[in-house]
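Per-entry structural report
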Amino acid sequence: MRSFSYERATSPGAAAAAAAGTANAKFIAGGTNLLDLMKLEIETPAHLIDVNGLALDRIEETAEGGLRIGALVRNTDLAADARVRRDYGVLSRALLAGASGQLRNKATTAGNLLQRTRCPYFYDTNLPCNKRKPGSGCAAIGGFSRQHAVVGASEACIATHPSDMAVAMRALDAVIETVRPDGGTRSIPIADLHRLPGDNPEIETVLQPGELITAVALPKPVGGTQAYRKVRDRASYAFALVSVAAIVQPDGTGRVALGGVAHKPWRIEAAEAELPRGVKAVAARLFADAKSTRDNAYKLPLAERTLAAVLREART
Amino acid sequence: MRFEHPATFNPIDQLKVIGHPTNRIEGPLKTTGTAPYAYERHDVVANQAYGYVVGSAIGKGRIGSIDLEAAKAAPGVLAIVTADNAGKLGKGERNAAPLLGGPEIAHYHQAVAVVVAGTFEQARAAAQLIRIDYAKGDGKFDLAAERDNASTPDPKIGGPADTAVGDFAAVFAAAPVQLDATYTTPDQCHAMMEPHASTAAWDGDKLTVWTSNQMIAWGAEDMAKTLGIPKENVRLVSPYIGGGFGGKLFLRADVLLAALGARAAGRPVKVALQRPLMFNNTTHRPATIQRIRIGAERDGRITAIGHESWSGNLSEGEPDMAVSQTRLLYAGANRMTATRLAALDLPEGNAMRAPGEASGMMALEIAIDELADRLGIDPVALRITNDTQVDPEHPERHFSQRQLVQCLSDGAARFGWDRRNPKPGQLRDGRWLLGMGVAAAFRNNLLTKSAARVRLDQLGTVTVETDMTDIGTGSYTIIAQTAAEMMGVPLEKVAVRLGDSDFPVSCGSGGQWGGNNSTAGVYAACTKLRETIAQKLGFNSEQAVFADGTVSSGNRSVPLAHAAGDGDLVAEDAIEYGDLAKTYQQSTFGAHFVEVGVDADTAEIRVRRMLAVCAAGRILNPKAARSQVIGAMTMGVGAALMEDLVVDKRHGLFVNHDLAGYEVPVHADIPHQDMVFLDETDPISSPMKAKGVAELGICGVAAAVANAVHNATGVRVREYPITLDKLLDTLEID
């Protein structure tokens, strides 16, 4: 770990301004991912801005009938919130499928969105990784890639985004609210928050330098049957091989988003139009441009089968 | 004490203390966090500095140059030790590669430097400033590719590379029912909770290391050899060990680097291997490729059985003896085994819980299930049909005890085996396909010399000292129980001091030999102390009865403590074994039953119920023994379903080198475990009439899981771990 300076932010705007005004600064909230990465010198911030003291730990109802989740709401609290459990069941279920109780107690809403990949080559600084060291190559391609992306990947990177929460939020059309260093705010649909790796897998979101997530807004409840199914070798405390977030309406329409298959939560709205034609049609659209390795080819049939199971259960 | 004849009635048979499910006596220290573990020995020596280990970034090759300048100048750095400045180092008898590498690199994450600084954080930060230029060499990392280049080894333990009885080839070829299948097991990591950790301090030319090691005498001997100093100048202390599973049998880099760091820094140094180093820096259970051929009559009798195994290792490493159990477990007049060893440049393969049998049973017990399928015979019945009460290679040698049939029958009844449908894929519970599987459990009972010293003081306290270790197994407790039984005192009057090379040399903890041999050594020392006490108090030692804190004979009774009235009485002895292990085959047996559910959609496999029935001699402490067995069953589930050190064959390393990537079972994976010990005493084994049990518990578990998966789905997976991707293709979708 490199030495770093540290400050406690006094307001979101001040935090954003400080981050933009200090070279190589990072925000720290729960720290469950960042601190590990700093110990391995995968992340080497010169300055940490602790945002834990900001009053961003509330869940409030919005004028539109939705919920605004403060960036610092802990995963445990979010999963347990009565309104979330009642109206956004997919989110509560996804949160509880993630990590462990201890980690969920620390992990924050914004931090969860911004956690980095769990690709083992990203974590070993002796090996090539374009995400860790741009231009060094991708050791996962041609290497151990059982966990890796089957769609939306590139020649530079086949890493996945590890979050469960984000997959559910993608299905819920969540909107990310931020404050920028100049004090201005903006709203980013979650579909646009995460980038595909392309030629620059080190750039993972559309957030600008210093831009701070302050909240995640959920639109008013959409009802339906909500499910989150996480498939993994180990029954708990493991990242998804494939996960499916689904919201199915009585009329058979619905939304599906997948985790464990791409560099971001994977949802294609056009695929959902195929729901009445059956799972195969949906999967064909979701994975039209899929490209798998020998190790992870199983994810394509697994995703389709998991999707089928979730939809079948949602309809019964 | 030489143990040359079967044990007769002795004080242990009173079973006043032995055989009771006593709570572990050191438990309160552990649950209150006050048991001193190696990295927390702040109490033993002042002014400790911290070492951080740098592992090789390549799997094979040479260091061209090392630039230490920036690291040396970093805050708090006291010393940096590399092969360049460490002085001449030897290599321990039991290490396949030097523990400090350079310029030659033998394997990935082989230690190449230790940075010593005033704080851990300073040492870590400085370590990351070291710049090393490597010349990458060509290494061999692919066991399957090297299979045909494998050579015939001369194994140090576990029997010869080739065995043959009768005419295997001809009888197999002519057998009416044949099985010929190949199985693979992956490299596995001990992944114990406490990493290898040591605190080292020099006093002149004498070195003390507070460490975490299963085999104190081996460690001290190899440390002296590595440093080139007299053995008497090395003291290892290891009273508490946070798990080992074979990973701490040997001297490892933490001990050496703490000592070298302390010498260079001129002050005590502590070193814990960082978690990511645990997988490539240390030893692991090597992967195997196993071919099993069995020929049988239509009634199920095996007429020919052959088992061949290939594993890989560094050039000075040993093969995995995966064929061991096949020489003894089932009858059959025509037999062969073959062990081959490929030269690989991966980290050293070595012992992990039940080395040999654990891998071998993973394959053999699937093969038996497959044979049962072909024969249309129940797999429990098939195993019973092929039971043998003698060593099949040497029919004149009987097993000292062999209750395999009873384990299988008793287990089948308890588990509800009769509810299993032999046709796969027939039973469902909602989305779950249900299946049951069985496997035999087998592990040899190993006998090895073990010494102890026992002291009686004037308070009537009995203190046992031996370099035996407690790796979480319950050694403290069963040793205390043994001394209490022998000396006729309550457990509270016994103090047990373990894990110090100043104490008499024990068997140590490994090979499931620790429980039986270490307590037998304490038995020997206590027998001697009883004689000394009897003599001191004027009793005939043959007739004196030690009970309730007194020594008595006839009408006369004297408090035990009086014997030490004018000074402590001390006795030291060792148990040593004669030829009984040659005359008799000593093994432990069991049967594992497993029920799994396989998700019909995703092919996720979840264990639902497990049962083990074990027959392993006298159970000295049923609570501790049960913990060992259910822990081993858990590890067996890991081996079956998830544990897999994945080799990157291009870079030459185990890629998933942390606990996020190397999955072991969590609580949610282990819903219900049951285990039963059959009544057994084995007077051939030792005066304790006990045998090993801690490794028996893992042998066969993975195969029972695999067989249950087959019963649930009809899919036969022969490559461990059995993960959902291996089932999906053949598992029909609803």
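Heads up: these notes are all about the structure in this document. (Residues numbered from 1 in each chain as written. Chains lettered and ligands numbered in written order. Predicted model: local features only at pLDDT ≥ 70, side-chain atom pairs only at ≥ 80, totals over all residues. Heavy atoms only, no water.)

So, the environment of B:Val171
Within the secondary structure, B:Val171 sits in helix α5 (residues 168–174). Excluding its chain neighbours within four sequence positions, the residues that come into contact with B:Val171 are B:Thr303, B:Ala304 and B:Asn334. (Helix = DSSP H or I, 4+ residues; strand = E, 2+ residues; numbered from the N terminus. Contact = heavy atoms within 4.5 Å.)

Considering the interface of chain A and chain B
In this assembly, 34 residues from chain A lie in contact with 37 residues from chain B. Carbon and sulfur atoms supply 52% of the area buried between chain A and chain B, which totals about 3,100 Å² over both sides. When residues of chain A are sorted by the area they lose upon contact with chain B, A:Asp233, A:Arg234 and A:Arg305 head the list and together hold 24% of the total. Put simply, chain A and chain B have four salt bridges between them. Note that A:Arg229 is salt-bridged to B:Asp599, the shortest N-O span being 2.6 Å. The tally of links between chain A and chain B comes to 21 residue pairs in polar contact (both at pLDDT 80 or more). When residues of the side of chain A that touches chain B are traced back to their parent elements, those giving at least two are α8 (120–123), β9 (225–231) and α13 (299–315) of chain A. (Buried area = accessible area lost by both parts, 1.4 Å probe. Salt bridge = Lys/Arg side-chain N within 4 Å of Asp/Glu carboxyl O. Polar contact = N/O pair within 3.5 Å; in protein donor to acceptor, adjacent residues only side chain to side chain.)

Thoughts on the pairing of strand β2 (residues 49–55) of chain B
Residues and elements named next belong to chain B. Across the seven residues of β2, six count as buried, placing the element largely inside the fold. In the sheet, β2 pairs with strand β13 (residues 269–272) via three bridges, with the strands oriented parallel. Paired with Ala49 across the strands is Val269, a residue of β13. Where β2 and strand β6 (residues 111–117) come together, six bridges link them in antiparallel fashion. Paired with Gly55 across the bridge in β6 is Ala111. (Buried < 20%, exposed > 50% of the residue type's maximum accessible area, 1.4 Å probe, protein only. Pairing = 2+ DSSP bridges.)

A word on the packing of helix α14 (residues 622–641) of chain B against helix α15 (residues 701–713) of chain B
Residue and element names in this part refer to chain B. One way to put it is that α14 packs onto α15 with a least axis distance of 7 Å and a crossing angle of 55°. Judged on the interaxial angle alone, α15 and α14 are oblique. Between α14 and α15 lies a crossing whose hand is right-handed. Contact residues: Met633, Gly636, Val637, Ala639, Ala640 and Leu641 in α14; Val701, Ala702 and Val705 in α15. Considering only residue class, the contact of α14 with α15 consists of eight nonpolar, one polar and no charged. (Axes fitted to C-alpha atoms, helices over the stretch in contact; angles between N-to-C directions. Parallel < 35°, antiparallel > 145°, perpendicular 65-115°, else oblique. Left-handed = near helix turned anticlockwise from the far one by under 90°. Nonpolar A, V, L, I, M, F, W, Y, C, P; charged D, E, K, R; others polar.)

Notes on the sheet that holds strand β9 (residues 177–185) of chain B
Residue and element names in this part refer to chain B. Reading across from one edge, β8-β16-β15-β14-β9 is the order of the five strands in this open sheet, with mixed pairing throughout. The open sheet has two edge strands with one neighbour each: β8 (162–165) and β9. Between one strand axis and the next, the sheet turns through 10° on average, direction left out of account. Running over the sheet, helix α8 (residues 357–375) touches β9, β14 (288–296) and β15 (302–313) and is turned about 150° from β9.

Observations regarding the packing of aromatic side chains
Residues and elements named next belong to chain B. Going through the model one piece at a time under the given rule, you end up with 12 aromatic pairs over all chains. When the centroid spacing of 5.7 Å and the interplanar angle of 35° are considered together, the rings of Phe415 and Phe593 count as tilted. Of this pair, Phe415 sits in helix α10 (residues 404–415) while Phe593 is found in strand β29 (residues 587–599), placing the two residues 178 residues apart along the sequence. In this pair, the class of Phe415 matches that of Phe593, namely buried. (Phe/Tyr/Trp six-rings, centres within 6.5 Å; stacked < 30°, edge-to-face > 60°.)

Overview of the pattern of salt bridges
Residue and element names in this part refer to chain B. Counting across every chain of the model gives 72 salt bridges over all chains. As a salt-bridge pair, Asp682 and Lys691 come within 2.8 Å of each other at their nearest N and O atoms. Using a relative accessible area of 0% as the deciding quantity, one classes Asp682 as buried. Relative accessible area serves as the criterion here: at 6%, Lys691 is assigned to the buried category.

Shape is all these values report; function is a separate question.
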